[in-house]
Structure formats: structure tokens, C-alpha cells
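Listed below are the residues making up each chain.
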Amino acid sequence: MPSYCPLPTSIACPNPSGSGSPPRDAEKLSTCSKLCYGIGGIPNQIAASATAFYLQIFLLDIAHVSSFLKLERKVSFFKGHGLTMKSRPYLTFTAAFFLISAAVQVMIEQGNFVLFCTHAAGLRNHFQTLVLIILVSAVLGIPLWQKFLKHFGKKTATCGISWMIPFVIMLVTIPNLILAYVTAFVSGLSIAASMLLPWSMLPDLVDHFRVQHPHSTGHETIFYSSYVFFHKISAGIGLGISSLSLEFAGFQSGVCKQPQSVATMLKILIAAVPATLISTGLFILLFYPITEKSRKETKFALENLR
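Going by an unreviewed UniProt entry, the protein carries the name Major facilitator superfamily domain containing 2B and comes from Varanus komodoensis. You can read under Sequence similarities (unreviewed entry) in the UniProt record for the protein the words "Belongs to the major facilitator superfamily." UniProt, in its Subcellular location (unreviewed entry) section for the protein, records the words "Cell membrane".

Engineer: For this particular structure, what's the right way to read a nonpolar patch on the surface?
Structural biologist: On the surface, Leu 132, Val 136 and Leu 140 cluster together into a nonpolar patch covering about 280 Å² of accessible area. Its location among the elements puts Leu 140 in helix 7 (residues 127-152). Residue Leu 140 is classed as exposed on the basis of its relative accessible area, which comes to 53%.

Engineer: What is the right way to look at the environment of Gln 258 in this model?
Structural biologist: With respect to the element layout, Gln 258 can be found in the loop between helix 11 (220-249) and helix 12 (260-285). Along the sequence, Gln 258 and Ala 120 sit 138 residues apart, while their C-alpha atoms lie 8.9 Å from each other. Residues within four places of Gln 258 in sequence aside, it is in contact with His 119, Gly 250, Phe 251 and Gln 252. Reaching out from Gln 258, the side chain makes a polar contact with the backbone oxygen of Gln 252 at a distance of 2.6 Å.

Engineer: Would you mind showing me how to read empty space enclosed by the protein here?
Structural biologist: Gaps left between atoms are located by rolling a probe of water-molecule size over the structure's atoms. Scanning all chains against the criterion turns up two cavities of 30 Å³ or more. Every element with two or more residues in the lining of the largest cavity is listed here: helix 5 (88-109) and helix 11. For the lining of the largest cavity, the leading source of residues is helix 5, giving four residues. Counted as a void, the second largest cavity has a volume near 30 Å³. Mapped onto the lining of the second largest cavity, the elements with two or more residues apiece are helix 9 (164-173) and helix 12. Broken down by element, the lining of the second largest cavity gets its largest block of residues, four residues, from helix 12. Residue composition of the lining of the second largest cavity, grouped by class: eight nonpolar, no polar and no charged.

Engineer: Explanation requested: helix 6 (residues 112-119) in the structure shown.
Structural biologist: Side chains three or four residues apart in an α-helix point the same way, a direct result of the helix having 3.6 residues per turn. Buried residues dominate helix 6, accounting for eight of its eight residues. Along helix 6, the residues classified as buried are Asn 112, Phe 113, Val 114, Leu 115, Phe 116, Cys 117, Thr 118 and His 119. On its buried face, helix 6 sits against helix 5, helix 7, helix 9, helix 11 and helix 12.

Engineer: What is the right way to look at the layout of surface pockets in this model?
Structural biologist: Roughly 360 Å³ of volume is contained in the second largest pocket. If you go around the second largest pocket, you meet 18 residues; those closest to its centre are Val 104, Glu 109, Ser 194, Met 195 and His 231. With seven residues, helix 5 is the largest single contributor of residues to the lining of the second largest pocket.

Engineer: Sorry, what's going on with the nonpolar core here?
Structural biologist: Looking at soluble globular proteins, one finds that nonpolar side chains tend to be buried together. With 66 residues, the main nonpolar core has Tyr 90, Phe 93, Phe 97, Phe 116, Ile 161, Leu 197 and Leu 285 as its most contacted residues. Residue assignment for this core shows that the elements contributing at least two residues are helix 5, helix 6, helix 7, helix 9, helix 10 (177-212), helix 11 and helix 12. Broken down by element, this core gets its largest block of residues, 14 residues, from helix 10. In contact with Ile 161, other than residues within four places in its own chain, are Phe 97, Ile 100, Ser 190, Ala 193, Ser 194, Leu 197, Ile 278 and Leu 282.

Engineer: Teacher, can you tell me more about the confidence of the model for the protein here?
Structural biologist: Close inspection of predicted coordinates is inappropriate for parts of the model with low pLDDT. For the protein, the average pLDDT comes to 78, and 72% of its residues sit at 70 or higher. Counting contacts from residues 1-26, a segment whose pLDDT is below 50, to residues more than four positions away or on other chains yields 34 contacts. Here residues 57-71 is a poorly scored stretch, pLDDT under 50, and it has 22 contacts once near neighbours within four places are set aside; other chains count.

Calculation criteria
- Residues numbered from 1 in each chain as written.
- Predicted model: local features only at pLDDT ≥ 70, side-chain atom pairs only at ≥ 80, totals over all residues.
- Heavy atoms only, no water.
- UniProt positions renumbered as here; feature names shortened; annotations may be inferred.
- Patch = residues over 30% accessible without salt bridge, like charges linked within 9 Å, V, L, I, M, F, W, Y side chains within 5 Å.
- Areas by Shrake-Rupley, 256 points an atom, 1.4 Å probe, with all protein chains shown as cover.
- Salt bridge = Lys/Arg side-chain N within 4 Å of Asp/Glu carboxyl O.
- Helix = DSSP H or I, 4+ residues; strand = E, 2+ residues; numbered from the N terminus.
- Buried < 20%, exposed > 50% of the residue type's maximum accessible area, 1.4 Å probe, protein only.
- Contact = heavy atoms within 4.5 Å.
- Polar contact = N/O pair within 3.5 Å; in protein donor to acceptor, adjacent residues only side chain to side chain.
- 1 Å grid on protein atoms, 1.4 Å probe; cavity = no way out; pocket = protein on both sides within 12 Å on 5 of 7 lines; lining within 4 Å.
- Points joined across faces, edges and corners; volume = space filled by probe spheres on them.
- Nonpolar A, V, L, I, M, F, W, Y, C, P; charged D, E, K, R; others polar.
- Core = buried A, V, L, I, M, F, W, Y, C linked by side-chain atoms within 4.5 Å.
- pLDDT = per-residue confidence, 0-100.

Written out as C-alpha cells, the structure is:
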């Protein structure tokens, strides 16, 4: 009989019956309710994605970066979007960071790391400090990665995204407090790289596209807003992977002692799944054609076009 107690990440609900354990029938949702909840979230995700899509267009117009109205006069929106989706560098970039973003969502942003510390690693009393280390490391890592990519190139800097993989695998294999702190610090650096690099590479993609299509202008808004759109989709996929996996493993909210299957699933969610997604994303980036040399050539070609 599992014992019930408040988790660090949630507030326990009072038991009106006054018994030692809350009634399971009152807490457990039916399959139909779960499906309705999931389907009901789809319009919300679509609305959020659409809002982010047009917000980027609005912000770029306010910043006077190639007016979107110019694009509508010369090329229709759907034709312009079709041209950008045919850009090989952009497709490679989007596919790679779609997977990398989903990996970060599954590991950190969906709370799986906190659940792992609580139910699988025996670090219940340290997870707040570990999360704080991740956040501080990510904030401090952004200017460091900015300097790194200026000296060694953006494509070389992508290797930093994979730094956390071996540490997370070691933490899952050998749970240890010191190793957990080191893993949290390195994971923050990797997350900083995954957040900075896409936004530093997008201008290069726009410049490359302008050189390839000198008579087609005003596509900057589509590049930026499409990336935000796919980033939102990856967040939804990360949430779906986490929720379905924990449900399949038998996770029960509010229970102090989870089944062993939940601990195993949490290890998979913070180690195997992110490692697979990040490795696949970095493999795709190997085919990213824009290098520091080609970037300088593109810059020179743009100066001649002006």
C-alpha cells in the first residue's frame, strides 16, 4: 500500500474522508478524460504558435527589418513561404534544432529532472539547488558561448550542446550528489549553447537566401517566425513524450514512493531520450552548408549587391 505525502513540486490535496490514504478512484482520471484533456490542448497550442508567428512579424516590422508589406507586393506570402521551405540550409537548421529543442524540453523544462532527483536519485532535498545551478550556469554561459563562437565559429560551437550527455548518463548510472552538481552546471552550459546558437545562425541563413534570390526581398520575417513556430511544436512534442511515458510507467501524483518502473522511465527521459535527440540533431548539423568561409563570401556578395 503506497504512502501518500506532499511532493516538493506540488501541494497535497486534503483527504475529505479522513483516512490515511486518499481514494484512488477520486484522483485517477479515466482514459476518456485524458483524451479530452489532450485534444482540448491542441487549439491552445495552435493559438500560441500562431500568436508567436505573427508577433515575430510585427516586431521585425517595428524594428524596420525589411517591411513585410514589401513582401506582399512583390511575392505572395505562401509563395515566399514555399521558397524559404525549399532552402536546404534552413531545412537542415530547422530539423536539427527542432530535435535539440525537444531534448531540452524533455530533460529540463517538463520537470523530469526534478522528478528524477525526487524519485530515482534520492536527491529530494537538493533539487532546488540543482535547478538553481542550471539556471545560473545557463545565464553565465551565454556570453561565454558568444565569445567562443566569434573565435572558433558557430558550427564548432554546436559541440557544446552535447557536453551534458556523458554527465547525465553517469548521473543516471551512479547517482551521486557531487556528480549531480557537476551535471547541473554542465547541463546549464549546454542549454545556453542550444539557446544562443539558433538566433546567431538565423541571420546567416537570411543572408545566404538573399544571395541565392537577389530579386526576392523581405523574407526575414518568414525565417524568424517559422523558427519560432517549429520551436513551439517541439515544446508540445516534449510535453507529450513526458506525459505519455510517465502515464505508461504508472506514475501517481502525490505518492512518495513511486513504482520502480517510474524510476526507470525517468532515467530514460533525462538520459536516453535527450542523448538520442541531441546526437541526431548534431548529426544533421554536419550537413549544414554555411561555414565561416562561406559566411564571409556571402557578406562580400551582399556588399556588391548593395
